Amino acid sequence: MSMKRDLLVVGDIRGCPKVFEPLVRFEHRNLHLADVSGRPDLSGEELHNHLFKGDGLERAVQSLREEGPSCLGIGFSAGGTALWHAVKAGLNLQALICISSTRLRFEVYPLHIPTLVIWGECDPNRPDDTWNDAVPSCSQTYAAKPHDFYCADIANPGSDLRKDIAAFIERAM
């Protein structure tokens, strides 16, 4: 009998994905970015402004640190940025996957844990290849995909996104 490990999932500013439970061997904690940023009444651009022009990101980082240690973190867009910053601030994760977290392009140092960043090729704000070679442990770019490609792809059990997540977990854990 295998023991399940803890997976911390933080969605994007629109609450996508609604539920993410493709990994059978993990206990899932699906968190809404609006909740952890202290403004459950916000979504979309209003939440984005709260996170990146107000104190929302700092509040989200503090809230995520209070969630306690998890085995693995997966963040979608701004949710990945919040998790990355929480790890920098002391959140104990064994590995982190950030999907379309374009604000990571401002990070200059890698984290002390294995990291996978995933981008859609058509996302105009994704970091360049130099950044992808220097900051994350691994990166993957999907051809002809927009920023929010993950909303549809994560729901498809046979998608390359789900396969790449599973492969990274096998290597990192």
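Structure: above.
I will try to describe carefully the structure that is included in this document. What you are looking at is a predicted structure, and each value in this text was computed from that prediction instead of being measured.

Examining the state of the cysteines
Here is step 1 of the chain: For the structure on display, the rule yields one disulfide.
Here is step 2 of the chain: Two residues share a disulfide in this structure: Cys16 and Cys151, whose sulfurs sit 2.4 Å from each other. One end of the pair, Cys16, is in the loop between strand 1 (5-10) and strand 2 (26-31); the other, Cys151, is in helix 6 (residues 150-153), and 135 residues separate them in sequence.
Here is step 3 of the chain: Overall, Cys16 belongs to the buried group, its relative accessible area being 12%.
Here is step 4 of the chain: Not part of a disulfide, Cys122 finds its nearest cysteine sulfur in Cys151, a span of 15 Å.

Section: the sheet that holds strand 6 (residues 138-142)
Here is step 1 of the chain: Taking strand neighbours across the sheet as the criterion, the six strands line up as 2-1-3-4-5-6 in an open arrangement whose pairing is parallel. Both outer strands of the open sheet, strand 2 and strand 6, are each paired with one neighbouring strand and no more. Across the sheet, the axes of successive neighbouring strands diverge by a mean angle of 15°, strand direction being ignored.
Here is step 2 of the chain: The pairing of strand 5 (residues 115-120) with strand 6 spans five bridges and is classified as parallel. Its bridge partner lying in strand 6, Gly120 is registered against Tyr142.
Here is step 3 of the chain: Together, strand 1, strand 3 (72-76), strand 4 (95-99) and strand 5 form the strand contacts of helix 4 (residues 78-88), whose direction differs from that of strand 3 by roughly 140°.
Here is step 4 of the chain: Those strands touched by helix 7 (residues 160-172) are strand 2, strand 3, strand 4, strand 5 and strand 6, and its axis lies near 160° from that of strand 4.

Some points on empty space enclosed by the protein
Here is step 1 of the chain: For the structure shown, the criterion picks out one cavity of 30 Å³ or more.
Here is step 2 of the chain: Taken as a whole, the largest cavity holds about 60 Å³ of empty space.
Here is step 3 of the chain: In terms of lining, the largest cavity is formed by Val9, Val10, Gly11, Gly15, Pro17, Lys18, Asn30, Leu31 and His32.
Here is step 4 of the chain: When contributions to the lining of the largest cavity are tallied by element, the ones reaching two or more residues are strand 1 and strand 2.
Here is step 5 of the chain: Here the residues of the lining of the largest cavity sort into four nonpolar, four polar and one charged.

Digging into helix 2 (residues 44-53)
Here is step 1 of the chain: Burial in helix 2 covers these residues: Gly44, Leu47, His50 and Leu51. Summarising the axial view, the buried residues of helix 2 lie within an arc of 125°, below the 170-degree limit, and thus occupy one face. With respect to the buried face of helix 2, the exposed residues turned more than 90 degrees away are Glu46 and Lys53.
Here is step 2 of the chain: Elements that come into contact with the buried residues of helix 2 comprise helix 1 (33-36), helix 3 (56-66) and helix 4.

Let's talk about the layout of surface pockets
Here is step 1 of the chain: Within this model, the largest pocket holds a volume of roughly 330 Å³.
Here is step 2 of the chain: Counting only elements with at least two residues in the lining of the largest pocket, the list comes to helix 2, helix 4 and helix 6.
Here is step 3 of the chain: Of all the elements, helix 2 adds the most residues to the lining of the largest pocket, at three residues.
Here is step 4 of the chain: Broken down by class, the residue content of the lining of the largest pocket amounts to six nonpolar, seven polar and seven charged.

A few points about the pattern of salt bridges
Here is step 1 of the chain: Per the counting criterion, the structure on display carries six salt bridges.
Here is step 2 of the chain: Close ionic contact of Arg29 with Asp6 constitutes a salt bridge, the shortest N to O distance being 2.6 Å. Note that Arg29 is positioned in strand 2 and Asp6 in strand 1, a separation of 23 residues in sequence.
Here is step 3 of the chain: Overall, the relative accessible area of 23% leaves Asp6 in the partly exposed class.
Here is step 4 of the chain: Three or more residues joined by partner-sharing salt bridges are found here, namely Asp6, Arg29 and Glu67.

Rules and cut-offs
- Residues numbered from 1 in each chain as written.
- Predicted model: local features only at pLDDT ≥ 70, side-chain atom pairs only at ≥ 80, totals over all residues.
- Heavy atoms only, no water.
- Disulfide = S-S within 2.5 Å.
- Helix = DSSP H or I, 4+ residues; strand = E, 2+ residues; numbered from the N terminus.
- Buried < 20%, exposed > 50% of the residue type's maximum accessible area, 1.4 Å probe, protein only.
- Pairing = 2+ DSSP bridges.
- Axes fitted to C-alpha atoms, helices over the stretch in contact; angles between N-to-C directions.
- Contact = heavy atoms within 4.5 Å.
- 1 Å grid on protein atoms, 1.4 Å probe; cavity = no way out; pocket = protein on both sides within 12 Å on 5 of 7 lines; lining within 4 Å.
- Points joined across faces, edges and corners; volume = space filled by probe spheres on them.
- Nonpolar A, V, L, I, M, F, W, Y, C, P; charged D, E, K, R; others polar.
- Arc of directions from axis to C-beta.
- Salt bridge = Lys/Arg side-chain N within 4 Å of Asp/Glu carboxyl O.

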